[in-house]
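Letter by letter, the chains look like this.
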Amino acid sequence: QLQLVESGGGLVQAGGSLRLSCAASGHTFSSYNMGWFRQAPGKEREFVAAITWSGGSTYYTDSVQGRFTISRDDAKNTVNLRMNSLKPEDTAVYYCAAGFREDLRDVVTVSSGYDYWGQGTQVTVSS
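Residues numbered from 1 in each chain as written. Predicted model: local features only at pLDDT ≥ 70, side-chain atom pairs only at ≥ 80, totals over all residues. Heavy atoms only, no water.

## Side note on the pattern of salt bridges
Formally: Any Lys or Arg side-chain nitrogen found within 4 Å of a carboxyl oxygen on Asp or Glu counts as a salt bridge. Helical segments are the DSSP runs of H or I of at least four residues, strand segments are the runs of E of at least two, and each set is numbered from the N terminus. A simple rule labels every residue: compare its accessible area, found with a 1.4 Å probe on the protein chains alone, to the largest value its type can have, and call it buried under 20%, exposed over 50%, or partly exposed in between.
Summed over all chains, the structure comprises five salt bridges. Note that Asp90 is salt-bridged to Arg67, the shortest N-O span being 2.8 Å. Here Asp90, found in the loop between strand S8 (78–83) and strand S9 (92–99), pairs with Arg67, found in the loop between strand S6 (58–60) and strand S7 (68–73); they are 23 residues apart in sequence, far enough to count as distant. Since its relative accessible area comes to 1%, Asp90 is described here as buried. Owing to a relative accessible area of 11%, Arg67 belongs among the buried residues under this scheme. Here Asp115 makes a salt bridge to Arg101, at a shortest N to O gap of 2.6 Å. Taken together, the residues span a long stretch of sequence, with Asp115 in the loop between helix H1 (105–108) and strand S10 (116–117) and Arg101 in the loop between S9 and H1 at a distance of 14 residues. The class for Arg101 is partly exposed, based on a relative accessible area of 33%. Connected through shared salt-bridge partners, Arg38, Glu46, Arg67 and Asp90 make up one network.

Below, the structure written as C-alpha coordinates:
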(Lines give C-alpha, C1' and ligand atoms only; values in the text may rest on other atoms or scores of the structure.)
Protein backbone atom coordinates (compact mmCIF):
# COMPACT_ATOMS: atom_id res chain seq x y z
CA GLN A 1 0.00 0.00 0.00
CA LEU A 2 1.06 3.52 -0.78
CA GLN A 3 -0.72 6.40 0.92
CA LEU A 4 -0.87 9.75 -0.86
CA VAL A 5 -1.87 13.08 0.68
CA GLU A 6 -2.19 16.23 -1.39
CA SER A 7 -1.86 19.78 -0.11
CA GLY A 8 -1.48 23.30 -1.42
CA GLY A 9 -4.79 23.88 -3.11
CA GLY A 10 -6.80 27.04 -2.63
CA LEU A 11 -8.36 30.10 -4.21
CA VAL A 12 -6.25 32.25 -6.50
CA GLN A 13 -6.91 34.97 -9.05
CA ALA A 14 -6.34 34.39 -12.73
CA GLY A 15 -2.68 34.84 -13.56
CA GLY A 16 -1.59 33.74 -10.12
CA SER A 17 0.39 30.71 -8.99
CA LEU A 18 -0.02 27.74 -6.69
CA ARG A 19 2.22 24.88 -5.69
CA LEU A 20 0.62 21.53 -5.01
CA SER A 21 2.44 18.88 -3.04
CA CYS A 22 1.80 15.18 -2.63
CA ALA A 23 3.36 13.31 0.27
CA ALA A 24 3.72 9.55 -0.04
CA SER A 25 4.22 6.91 2.59
CA GLY A 26 4.16 3.17 2.85
CA HIS A 27 6.29 1.86 0.01
CA THR A 28 9.42 2.66 -1.95
CA PHE A 29 8.36 5.95 -3.44
CA SER A 30 11.26 6.13 -5.85
CA SER A 31 9.99 3.06 -7.73
CA TYR A 32 6.73 4.73 -8.73
CA ASN A 33 5.75 6.86 -11.65
CA MET A 34 3.86 9.86 -10.27
CA GLY A 35 1.08 11.80 -11.89
CA TRP A 36 -1.36 14.63 -11.36
CA PHE A 37 -4.91 14.47 -12.65
CA ARG A 38 -7.82 16.86 -12.24
CA GLN A 39 -11.57 16.74 -12.35
CA ALA A 40 -13.76 19.77 -12.90
CA PRO A 41 -17.46 19.79 -12.01
CA GLY A 42 -19.46 17.81 -14.53
CA LYS A 43 -16.38 16.59 -16.35
CA GLU A 44 -14.33 13.43 -16.38
CA ARG A 45 -11.01 13.16 -14.64
CA GLU A 46 -8.20 14.22 -16.97
CA PHE A 47 -4.45 13.84 -17.07
CA VAL A 48 -2.42 16.92 -16.15
CA ALA A 49 1.23 15.96 -15.67
CA ALA A 50 3.46 12.98 -14.93
CA ILE A 51 7.03 12.24 -13.98
CA THR A 52 8.58 8.82 -14.41
CA TRP A 53 10.07 6.84 -11.54
CA SER A 54 13.57 7.69 -12.71
CA GLY A 55 12.68 11.36 -12.98
CA GLY A 56 14.10 11.30 -16.45
CA SER A 57 10.88 12.11 -18.27
CA THR A 58 8.01 14.47 -17.69
CA TYR A 59 4.76 14.77 -19.60
CA TYR A 60 2.04 17.41 -19.69
CA THR A 61 -1.34 17.81 -21.23
CA ASP A 62 -1.30 20.47 -23.93
CA SER A 63 -3.39 22.97 -21.99
CA VAL A 64 -0.83 23.26 -19.18
CA GLN A 65 2.39 22.89 -21.16
CA GLY A 66 4.67 25.81 -20.37
CA ARG A 67 2.65 26.86 -17.32
CA PHE A 68 2.88 23.84 -15.01
CA THR A 69 6.00 22.03 -13.82
CA ILE A 70 6.06 18.64 -12.13
CA SER A 71 8.99 17.58 -9.98
CA ARG A 72 9.81 14.92 -7.43
CA ASP A 73 12.03 14.67 -4.37
CA ASP A 74 12.65 11.02 -3.62
CA ALA A 75 14.51 11.87 -0.41
CA LYS A 76 11.35 13.50 0.92
CA ASN A 77 8.87 11.16 -0.77
CA THR A 78 7.09 14.05 -2.39
CA VAL A 79 5.95 15.11 -5.82
CA ASN A 80 5.12 18.73 -6.57
CA LEU A 81 3.16 20.56 -9.21
CA ARG A 82 4.06 24.19 -9.71
CA MET A 83 1.21 25.98 -11.47
CA ASN A 84 1.82 29.42 -12.97
CA SER A 85 -0.36 31.73 -15.05
CA LEU A 86 -3.46 30.03 -13.75
CA LYS A 87 -6.69 30.35 -15.67
CA PRO A 88 -10.31 29.92 -14.59
CA GLU A 89 -10.45 26.73 -16.66
CA ASP A 90 -7.80 25.23 -14.37
CA THR A 91 -10.39 25.13 -11.62
CA ALA A 92 -10.80 21.52 -10.50
CA VAL A 93 -10.03 19.00 -7.82
CA TYR A 94 -6.44 17.90 -8.33
CA TYR A 95 -5.44 14.33 -7.57
CA CYS A 96 -2.02 12.84 -7.04
CA ALA A 97 -1.47 9.29 -8.29
CA ALA A 98 1.27 6.65 -8.11
CA GLY A 99 1.84 3.80 -10.53
CA PHE A 100 4.22 0.85 -10.41
CA ARG A 101 4.37 0.36 -14.16
CA GLU A 102 6.61 0.88 -17.18
CA ASP A 103 7.86 4.43 -17.52
CA LEU A 104 6.24 4.88 -20.92
CA ARG A 105 4.27 7.86 -22.13
CA ASP A 106 1.23 5.78 -23.04
CA VAL A 107 1.21 4.34 -19.52
CA VAL A 108 1.81 7.42 -17.37
CA THR A 109 -0.60 9.73 -19.19
CA VAL A 110 -3.73 7.71 -18.49
CA SER A 111 -5.53 6.99 -15.22
CA SER A 112 -5.33 3.24 -15.78
CA GLY A 113 -1.56 3.51 -15.42
CA TYR A 114 -1.87 4.28 -11.72
CA ASP A 115 -2.49 2.09 -8.71
CA TYR A 116 -2.87 4.55 -5.85
CA TRP A 117 -4.69 7.83 -5.58
CA GLY A 118 -4.89 10.66 -3.09
CA GLN A 119 -8.11 12.26 -1.87
CA GLY A 120 -7.65 15.40 -3.93
CA THR A 121 -7.19 19.09 -3.26
CA GLN A 122 -9.43 21.86 -4.60
CA VAL A 123 -7.98 24.54 -6.84
CA THR A 124 -10.23 27.46 -7.69
CA VAL A 125 -9.13 30.20 -10.07
CA SER A 126 -11.26 33.32 -10.12
CA SER A 127 -11.51 35.59 -13.15
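That covers the picture; the talk isn't over yet.
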